[in-house]
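The lines below spell out each chain.
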Amino acid sequence: MTKVLIVEDQALVRGAISALLQLEEGLEVVDQAEDGVQALAMIEEKQPDLVLSDIEMPNMTGLELAEKIRQDYPHVKTAIMTTFSRAGYIRRAIEAGVGGFILKEAPSDSLLTAIKQIMQGKTVIDPELALSALGDNDPLSDKERKALRLAGEGMKTIDIAAKLFLSEGTVRNYLSEAIAKLNASNRIDAARIAKQKGWL
């Protein structure tokens, strides 16, 4: 029996995926989480074999969650579900040791097949997506990425500093570095470019 934890911020999507997996013999949905922070809190108690996660979620993204799982729970496999086939996402997912990258518009059979293959230790990423990921390097550091994501949500420097436990000067430095690296005109433009590339 493969125990699965589903992480998705949209309740209807989360419920539909859970219902689909529960119908499959050999799969058990042990719980559902609405973001990465909630999922991390559940892993110790629920002991899933696989965490099936969306990418774009509040508080902690699916990629950040995958990185934390690889670090803290290396025996737990991860798979990413998304509507976005952005090269930056795929590259970061591969680097985070994700077992599979599944597009939400794919047929349900391919999700179930992917889960089985991931549990056998295979990596399931569409070859075309994997190739596109190799040609696009993310220039941002982890701290620049976090500051830029919050700036893109409209947060002021003082609020970003408080949220990331940094000084305002440090946040300004991270943002100006990110703007320079992306050849952007300002922080909002930089966030837009990085989001389009799948780097946020």
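Please refer to the structure placed before this passage.
Each value, and the rule that gives it
Here the residue index of a chain counts from 1 through its sequence in written order. Two thresholds apply to this predicted model, a pLDDT of at least 70 for residue-level local features and 80 or more for giving and counting side-chain atom pairs, whereas whole-chain, interface and lining totals are computed over all residues. Computation of side-chain values: all heavy atoms of the structure, hydrogens and water removed. Numbering of helices and strands runs from the N terminus, with a helix taken as a DSSP run of H or I at least four residues long and a strand as a DSSP run of E at least two residues long. Relative accessibility thresholds used throughout: buried, under 20% of the residue-type maximum; exposed, over 50%; partly exposed, between the two (1.4 Å probe, protein chains only). We call two residues contacting when some pair of their heavy atoms lies within 4.5 Å. Working definition of a nonpolar core: buried Ala, Val, Leu, Ile, Met, Phe, Trp, Tyr and Cys residues. They are joined through side-chain atoms within 4.5 Å. Any two strands with at least two DSSP-identified bridges between them are counted as paired. Axes here refer to lines fitted to C-alpha atoms; in helices the fit is confined to the stretch in contact. Angles between the N-to-C directions go from 0 to 180 degrees.

Peer 1: Let's hear about the side chain of Thr-61: which residues, and what values?
Peer 2: By secondary structure assignment, the location of Thr-61 is in the loop between strand S3 (50-54) and helix H3 (62-72). Residue Thr-61 is classed as buried on the basis of its relative accessible area of 9%. Residues within four places of Thr-61 in sequence aside, it is in contact with Ile-55 and Arg-149.

Peer 1: Can you tell me about the nonpolar core, naming the residues and giving the values?
Peer 2: One recurring pattern in soluble globular proteins: nonpolar side chains tend to sit buried together. In this structure, Leu-140, Leu-148, Ile-160, Leu-175, Leu-182 and Ala-194 are the most contacted members of the largest nonpolar core, which totals 20 residues. Mapped by element, the contributors of at least two residues to this core are helix H7 (142-152), helix H8 (157-164), helix H9 (168-181) and helix H10 (187-197). In terms of residue count, the dominant contributor to this core is H9 (five residues). Judged by nonpolar contacts, the second largest core, of 17 residues, contains Ile-6, Leu-21, Val-29 and Leu-111.

Peer 1: Describe the sheet that holds strand S1 (residues 2-7), with residues and values.
Peer 2: One open sheet accounts for five strands, arranged S2-S1-S3-S4-S5; its pairing is parallel. The strands lining the two open edges of the sheet, one partner per strand, are strand S2 (27-33) and strand S5 (100-103). On average, each strand axis in the sheet is inclined to that of its neighbour by 25 degrees, with strand direction left out of account. Across four bridges, the pairing between S1 and S3 is parallel. Across the sheet, the residue bridging to Val-4 is Leu-50, located in S3. Where helix H1 (residues 11-22) meets the sheet, it contacts S1, S2, S3 and strand S4 (77-82), and its direction lies at approximately 165 degrees from that of S2.

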